[in-house]
Each structure stands twice: as structure tokens, then as C-alpha cells.
Amino acid sequence: MSENTTTCPDPPSCENDICKTANYIWMIISPVLLAFGLIGGLLISIVLIRIRFQTTPLLFFLFTLAITDMVILCVGLLRLWVLETWQIDIRDLSNAGCKLLHFFVYFSMQFSSWILVCVTVERFVKCRYMTYTSMVTVKKCMASLLVIFGVLGSLNSHYFWTHGFILSEYNTTVCGVLPEYETFDDWYIKIDFFILSVIPFCIMVSLDVMILRSLKNARAFRKTSIATSHMYNKLKTVDKRLTKMLLITNSYFLLSTLPVSVLFILTIYIYRKQETVNSIFSLVGSIVYTLQYSNYAVSYIFYTVYDKRIRRQLKQIIRATKPRFRSLGSQYTMDSCSTEIHTVSSTVSIKSVSQK
């Protein structure tokens, strides 16, 4: 669910302590989420490119997820941070920008949710069917994402004619839903609630239950068939890691998307002309929207921390950015690989360099 749409008439301005608290939440937490999400997403994207994400279905989904979540942060959270900090709404700069930003926010959030569904489906097929390699290929995954892309793009294409510049009650031109489409927009908010949160969550939970059952049955089989307890305990640890990952990601997905969807629907029915009501909505909105965007800032972490290849590549990238020094007597000079000490009779290569 995206941020509130500016419609006519607008809720009254709010200057009390509750609204100031809501403003501080946006001003302080938003840049932290932006920095964390964009830097982390960029690092993960680089890692996935280095380990050839296009060769594995799961890595292909994770790469697409990382890119999509960075787009969401740029077109959604960045706009809200600028709005709350400098009172500048970038959607009001042009009519085309108004339409495009509405489209991209709704579309990208829905697309991110359904990428998570694809990840869960991929995990389910891998756990349940021996013919996984023939059933799930990168080409099939790409085709499935293209279908989802086309369906969601068509579904949200109405923003190009239902939204644009309108005249507010303060005689200013703002971005919002056109008057003749207000009823349609109210209904679409409810549709978006199911597309973004309810349906993806139900699918993921159902598949997760079947995945956990498969893991339980496989664990029981291995206990009787594997000779050494060491190997059994090792495989059991892998199962526990996957189980925790599934439970955490789906729980956080529901926690972050459901409250903002409910709040957005409530704004249709609750009268907000009173300053007290409007201030409470502002505070609650800042909390639930921040929580929602935090999902896009950290979601890729849940799906990558359990993969040793990704963790190894991340460590290499971080280590590569650290300066290394070479000691020559009392002088220190930069060196990226090794230190060589030359003597008359031999050359000694020291691979472990001293660091400050």
C-alpha cells in the first residue's frame, strides 16, 4: 500500500505536539532506512552478479527483489522524507510525474510481494519434488516474473488517467485522484489491500506449512538412514536455518504490510476535519508507513544471510575496502596484497601484512 493520495478537500494542517512527533519520525528514521536499504541492496546486487545470479532460480528471484525494493525506496520513501523535511511534494512538480509516481509506487510494492511468493513457491517445489531441476529453471522463473509484471502493470495502468493535477480547497494545484474517479479509487484501495498483502501472505503461509512438513518427514527419514550422528546434526541445522528464515520473513511481511493497508482503508470512512483526529492519524501513519518501508529496506537480508556464498562474497567486498599497510623500517606504505622483503640470498614473501 502506498502513501496517502492528496484529494480535495485536504485534511487541516496540524501543528500540535503529536504532529511534530510524527514529523520527527519521518525526518530521523527515513534517511536511516534509505541509506541502509540502498547501500545494502547495492551490495547484495553486486554479490549476486559476481556469483552469477542468472544461473540459479532462487538467486535470480533475489536479484530481482533487491532491485525492486530499491526502486520502492526511491519512489516512495524518498518522496515522503523530502515532503516531511522540506514540505516539497515532488509529485506536484509535473502532471506526468504525478501519474508516474502513483503508478510506480503501487506497482513496485505489489511486484515485490509477488516476488516473495515466487521465492516461496521455488522453495516448496525444491522440498517436495525430486524433479526440481527440470520443473524450476531460470527461463521459467523469468517467464513467470514477466507474466506477473504484465498483469500488475495492466492492473495499475489506470493511474495514468485517474490521477493528475487537481485544485485543492486552498486554490493550489496538487497531485491527486480526479473527482470523477474518486469512487473507483476508494474501491481500488481495497483491491490493492488484497493484492499487496492478504493474498500473497495466505499463499506463502500455506506453502510454508507444507515445506515444514516436508522438512520434518525428511528429518525423520534421515535419522533412520544416516549412519553418523554428525551428518544428521549438520543436516538438521540446515533445516532449522531454513525454517527460521521462512517464519521470520513471512511474519515480518504481514507485520509491515497489514497495518498500513488497514489504516489506508480507514482514512476513507473516518472524518479527519478535527485536528485531534488528524494528528492521531498523522502519528499512526508515520509509524506504520515507516514499518512498511523497513520491510523493503531489510527484506533481502532474510533471504541471503543463510547462503554461505553470499556471506563469503560480502566479506570479500568489505575486506577489499579496508586499507592495508606495508612496514619498511619505521615507514608505512599502502599495499593491497603482500609484503616482500628482499635479501642478498633470498626473497621472502610475507602474505600476512600488519594493519593499524
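None of the values given here were measured: they were computed from a predicted structure.

1. Details of the packing of aromatic side chains
Right, so step 1: Counted by the stated rule, this structure contains 18 aromatic pairs.
Right, so step 2: Judged by centre distance (5.1 Å) and plane angle (35°), the rings of Phe103 and Phe160 are tilted. Of the two residues, Phe103 is situated in helix H3 (residues 95–128) and Phe160 in helix H6 (residues 159–162); the sequence distance between them amounts to 57 residues.
Right, so step 3: Note on Phe103: relative accessible area 11%, which makes it buried.
Right, so step 4: Through successive ring pairs, a cluster of aromatic residues spans Phe103, Phe104, Phe107, Phe111, Phe149 and Phe160.

2. A closer look at the side chain of Thr257
Right, so step 1: With respect to the helices and strands, the residue Thr257 is situated in helix H8 (residues 229–269).
Right, so step 2: A distance of 2.7 Å separates the side chain of Thr257 from the backbone oxygen of Phe253, its partner in a polar contact.

3. A few points about the packing of helix H1 (residues 17–50) against helix H10 (residues 308–320)
Right, so step 1: Axis separation between H1 and H10 bottoms out at 10 Å; the angle between their running directions is 115°. Comparing the axis directions of H1 and H10 gives the class roughly perpendicular. Judged by the sense of rotation from one axis to the other, the crossing of H1 with H10 is right-handed. Contact with H1, carried on its side by Leu43, Ile44, Ile46, Val47, Leu48 and Arg50, involves Ile310, Gln313, Leu314, Gln316 and Ile317 of H10 and no other residues of that element.
Right, so step 2: Partitioning the contact of H1 with H10 into residue classes produces 8 nonpolar, 2 polar and 1 charged.

4. Details of the state of the cysteines
Right, so step 1: Applying the stated criterion to the full structure yields 1 disulfide.
Right, so step 2: Between Cys98 and Cys175 runs a disulfide, and the two sulfur atoms are separated by 1.9 Å. The disulfide joining Cys98 to Cys175 has a torsion of about 75° about its S-S bond and is therefore right-handed. Of this pair, Cys98 sits in helix H3 while Cys175 sits in strand S2 (residues 173–177), and the two are 77 residues apart along the sequence.
Right, so step 3: The class for Cys175 is buried, based on a relative accessible area of 1%.
Right, so step 4: Here Cys141 is not disulfide-linked; the sulfur of Cys118 is the nearest cysteine sulfur, at 7.6 Å.
Right, so step 5: A relative accessible area of 4% means that Cys141 is categorised as buried.

5. Some thoughts on the pattern of salt bridges
Right, so step 1: Overall, the coordinates contain 2 salt bridges when judged by the stated rule.
Right, so step 2: Between Arg79 and Asp89 there is a salt bridge, with its nearest N and O atoms 2.8 Å apart. Residue Arg79 is located in helix H2 (residues 57–86), and its partner Asp89 is located in the loop between H2 and H3; the two are separated by 10 residues in the primary sequence. Like Asp89, Arg79 is buried.
Right, so step 3: In this structure, Arg123 engages Glu122 in a salt bridge whose closest nitrogen and oxygen atoms are separated by 2.7 Å.
Right, so step 4: Overall, the relative accessible area of 10% leaves Arg123 in the buried class.
Right, so step 5: According to the relative accessible area criterion, Glu122 is buried, its value standing at 2%.

6. A look at a nonpolar patch on the surface
Right, so step 1: There is a patch of nonpolar side chains on the surface, built from Tyr24, Met27, Ile28 and Ile29 and spanning about 380 Å² of accessible area.
Right, so step 2: Its location among the elements puts Tyr24 in helix H1.

7. Some words on unusual backbone geometry
Right, so step 1: One non-glycine residue, Arg52, lies in positive phi territory at about 60°.
Right, so step 2: Secondary-structure assignment places Arg52 in the loop between H1 and H2.
Right, so step 3: Positive phi is not limited to glycine here, since Gln87 has a value of about 55°.
Right, so step 4: Note on placement: Gln87 falls in the loop between H2 and H3.
Right, so step 5: With a relative accessible area of 59%, Gln87 lands in the exposed category.

The rules behind the values
- Residues numbered from 1 in each chain as written.
- Predicted model: local features only at pLDDT ≥ 70, side-chain atom pairs only at ≥ 80, totals over all residues.
- Heavy atoms only, no water.
- Phe/Tyr/Trp six-rings, centres within 6.5 Å; stacked < 30°, edge-to-face > 60°.
- Helix = DSSP H or I, 4+ residues; strand = E, 2+ residues; numbered from the N terminus.
- Buried < 20%, exposed > 50% of the residue type's maximum accessible area, 1.4 Å probe, protein only.
- Polar contact = N/O pair within 3.5 Å; in protein donor to acceptor, adjacent residues only side chain to side chain.
- Axes fitted to C-alpha atoms, helices over the stretch in contact; angles between N-to-C directions.
- Parallel < 35°, antiparallel > 145°, perpendicular 65-115°, else oblique.
- Left-handed = near helix turned anticlockwise from the far one by under 90°.
- Contact = heavy atoms within 4.5 Å.
- Nonpolar A, V, L, I, M, F, W, Y, C, P; charged D, E, K, R; others polar.
- Disulfide = S-S within 2.5 Å.
- Salt bridge = Lys/Arg side-chain N within 4 Å of Asp/Glu carboxyl O.
- Patch = residues over 30% accessible without salt bridge, like charges linked within 9 Å, V, L, I, M, F, W, Y side chains within 5 Å.
- Areas by Shrake-Rupley, 256 points an atom, 1.4 Å probe, with all protein chains shown as cover.

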